[in-house]
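Understanding the architecture of this molecule
So the chains spell out like this:
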Amino acid sequence: MKRPTILVLGAGYGGLSTVVNLQKLVGTDEADIILVNKNDYHYESTWLHEASAGTLRPDQVRYDVKDVINTSKVKFVKATVDAIDVNTKKVATSAGEYTYDYLVIGLGFEGETFGIPGLDKYALSIANVNAARQIRDHIEYQFATWSTEEVHDDTRLTIVVGGAGFSGIEFLGELGNRIPELCKEYDVPKEKVRVVCVEAAPMVLPGFDPELVEYAVRQLESKGIEFSIGTPVVEATPEGVKIKKGEEEFEFITAGTVVWAAGVRGNRLIESSGIENMRARVKVEKDMRAPGFPDVFIVGDCALMINEEVNRPYPPTAQIAMQQAVTVAKNIVALMKGNETEEFVPALKGTVCSLGEHDAIGDVMGRKLTGTKASIMKKVIDNRALYMIGGIPLVLKKGKFSL
Ligand code: FAD
Ligand code: NAD
């Protein structure tokens, strides 16, 4: 009998964890497992705010896919997926066309711009490791240019961050530490630099514990970061952003750098795949399959699941992506053996939001944490994610150990 082909798209937390789990459950001669990813490395999306601010180098947030896969069981293909058609079971990639018996789509997130004019063109987004490098280099370029121009244009040194969700706040935490270093490096007086976070909702980190949010805002403000709350960005131009301050009231913030961190959607390839979706996310069945396509699983940020307790989608997180991957791998094996699939039940352990290397806030298993304790917890979580995918060798190679 022909071995089934399991085709996994994307080597992010969802896709790579699925493969790592599959290679434990499937014997060499039981299936052909193919993993397709744009790069021959995995990057830690959860560390991209650090690479974007320049507090970690891009090579520190990535590792080779081949370091964690068993190449006798998994064929790795470095290629870009161009199109998915679940009706014909064909996946077009830059390395040719693939078909499958089981498909796992784990192509991750893209920045959501909500159709706001100019953002696609004039704002930078913490979207992947190269985009993070671009943000870091752009900010450094502005500092370097300021220090060499005869007549200083101080607006070069204004950085606007759109969105005070977890990504925006974590990036601001890193910037708060990085700006003094950049000022020193480029001979820029600190008072010339302005960092403004613009948030549409009436509070920072909407929905998070107010006491922890207050701590975060206080810490960031003490590093000179300004907040403009309840003021959505409505347009971006080459000069900066327009924000809405009242019914008919607008303000323009002239800025050399605009970083858009105001939400995510799924990978756009989902929209033309033939699977029903909302903002490129698929409302999956309880066992992580795409509705109407029993051989297609969706994992990570491309999957949408409703938390019935609050009747809202679970937030797209690495924590959930990695848990889903365990279920997806088990369910593929169950299908191969003709068994029943199991339901995915998230086990949420809490959230820790970094505020720079030695500070954070967290709500973990019902306990509120701030400062060093929260920051240590964040590093434990980061190292745990490495451990889950690559075991102790990966933790030793890439882990965060400084306290
Ligand atoms: P991704 O991690 O985005 O991986 C997708 C993979 O698919 C990538 O390897 C990409 O290269 C590849 N790919 C994309 N398109 C193609 C293509 N066309 N062809 C081939 N390959 C392709 N979550 C937490 O739980 N905790 C945190 O602390 C946390 N911090 C975060 C900090 C930041 C700054 C950001 C932006 C997000 C953070 N998140 C956090 C959310 C978390 O990163 C995402 O939920 C998670 O990355 C989703 O995993 P994924 O596998 O779905 O996708
Ligand atoms: P998000 O959706 O959580 O936050 C986006 C923020 O942008 C919101 O506060 C929203 O009100 C604001 N916003 C939307 N439109 C705006 C506008 N026009 N102008 C100004 N502000 C606007 O998105 P995110 O922060 O990118 O996070 C994405 C996912 O990744 C979430 O699920 C999050 O939980 C997860 N994440 C987790 C962590 C962590 O656990 N430490 C860190 C980063 C991201």
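These figures come from a predicted structure and were not determined experimentally. (Residues numbered from 1 in each chain as written. Chains lettered and ligands numbered in written order. Predicted model: local features only at pLDDT ≥ 70, side-chain atom pairs only at ≥ 80, totals over all residues. Heavy atoms only, no water.)

Comments concerning the overall build of the protein chain
- Looking only at helices and strands, one finds 8 helices and 28 strands in the protein chain.
- Here the C-alpha radius of gyration of the protein chain, 22 Å, is about what a compact globule of 403 residues would show, namely 22 Å.
- Based on the C-alpha atoms only, the size of the protein chain along its principal axes is roughly 75 × 45 × 45 Å.
- Looking at the 403 residues of the protein chain, the share that counts as buried comes to 53%.
- Taking all contacts inside the protein chain whose residues are at least 6 apart in sequence as the whole, residues at least 24 apart take part in 64%.
- Of the roughly 18500 Å² of accessible surface on the protein chain, a fraction of 50% belongs to carbon and sulfur atoms.
- In the protein chain, the 46 positive side-chain charges and the 55 negative ones have mean positions that sit 5 Å from each other. (Helix = DSSP H or I, 4+ residues; strand = E, 2+ residues; numbered from the N terminus. Rg over C-alpha atoms; globule rule 2.2 N^0.38 Å. Buried < 20%, exposed > 50% of the residue type's maximum accessible area, 1.4 Å probe, protein only. Contact = heavy atoms within 4.5 Å. Areas by Shrake-Rupley, 256 points an atom, 1.4 Å probe, with all protein chains shown as cover. Lys, Arg positive; Asp, Glu negative; His and termini not counted. Charge placed at Lys NZ, Arg CZ, Asp CG, Glu CD.)

With respect to the sheet that holds strand β28 (residues 367-370)
- The 3 strands lie next to each other as β26-β27-β28, forming an open sheet whose pairing is antiparallel. Looking at strand neighbours, the two that pair on one side only are β26 (350-354) and β28, the edges of this open sheet. Direction aside, neighbouring strands of the sheet carry axes that sit 5° apart on average.
- Across the sheet, helix α8 (residues 371-398) is in contact with β26, β27 (360-364) and β28; its angle to β28 comes to roughly 105°. (Pairing = 2+ DSSP bridges. Axes fitted to C-alpha atoms, helices over the stretch in contact; angles between N-to-C directions.)

A look at the site of ligand 2
- Lining the immediate surroundings of ligand 2 are 26 residues, of which S167, E199, V233, P316 and V352 lie closest.
- F166 is positioned with one of its backbone polar atoms (N or O) 3.2 Å from an oxygen atom of ligand 2.
- With respect to ligand 2, the backbone of V233 contributes an N or O atom lying 2.9 Å from a nitrogen atom.
- Computed on the free molecule, ligand 2 has an accessible area of 850 Å², of which 77% lies beneath the protein chains in the complex.
- Going through the elements one at a time, α5 (166-186), β13 (194-199) and β26 are the ones with two or more residues in the shell around ligand 2.
- By residue class, the composition of the shell around ligand 2 is 17 nonpolar, 6 polar and 3 charged.
- Counting contributing residues, the shell around ligand 2 receives three or more from each of domain 1 (5-111 + 265-348) and domain 2 (119-262). (Near = heavy atom within 4 Å. Polar contact = N/O pair within 3.5 Å; in protein donor to acceptor, adjacent residues only side chain to side chain. Nonpolar A, V, L, I, M, F, W, Y, C, P; charged D, E, K, R; others polar. Domains from an automatic or database assignment.)

Focus on the domain arrangement of the protein chain
- If you check the domain split of the protein chain, you get domain 1 (5-111 + 265-348) and domain 2 (119-262).
- With 16 residues of domain 1 in contact, the opposing surface of domain 2 contributes 15 residues.
- Counting each side, the surface lost to burial between domain 1 and domain 2 is near 1400 Å², with a carbon and sulfur contribution of 64%.
- Contact with domain 2 buries area across many residues of domain 1, yet H49, S52 and P58 alone supply 38% of it, more than any other trio. (Buried area = accessible area lost by both parts, 1.4 Å probe.)

Here's the deal with the environment of V86
- Mapped onto the elements of the fold, V86 is located in the loop between β6 (81-85) and β7 (90-93).
- Each C-alpha atom, one on V86 and one on A290, is 10.0 Å from the other, the two residues being 204 residues apart in sequence.
- Those residues in contact with V86 that sit more than four places away from it in its chain are Y100, L103, S273, G274, I275, F293 and V296.

Quick look at the site of ligand 1
- Around ligand 1 sit 31 residues, and of these G14, V81, D301, A318 and K378 come closest.
- At a separation of 3.1 Å, an oxygen atom of ligand 1 approaches a polar backbone atom of Y13.
- The fraction of the free accessible surface of ligand 1 (1000 Å²) that becomes covered by protein chains is 90%.
- When contributions to the shell around ligand 1 are tallied by element, the ones reaching two or more residues are α1 (13-25), α5 and α7 (318-336).
- In terms of residue class, the shell around ligand 1 is built from 11 nonpolar, 16 polar and 4 charged.
- In terms of domain composition, the shell around ligand 1 takes at least three residues from each of domain 1 (5-111 + 265-348) and domain 2 (119-262).

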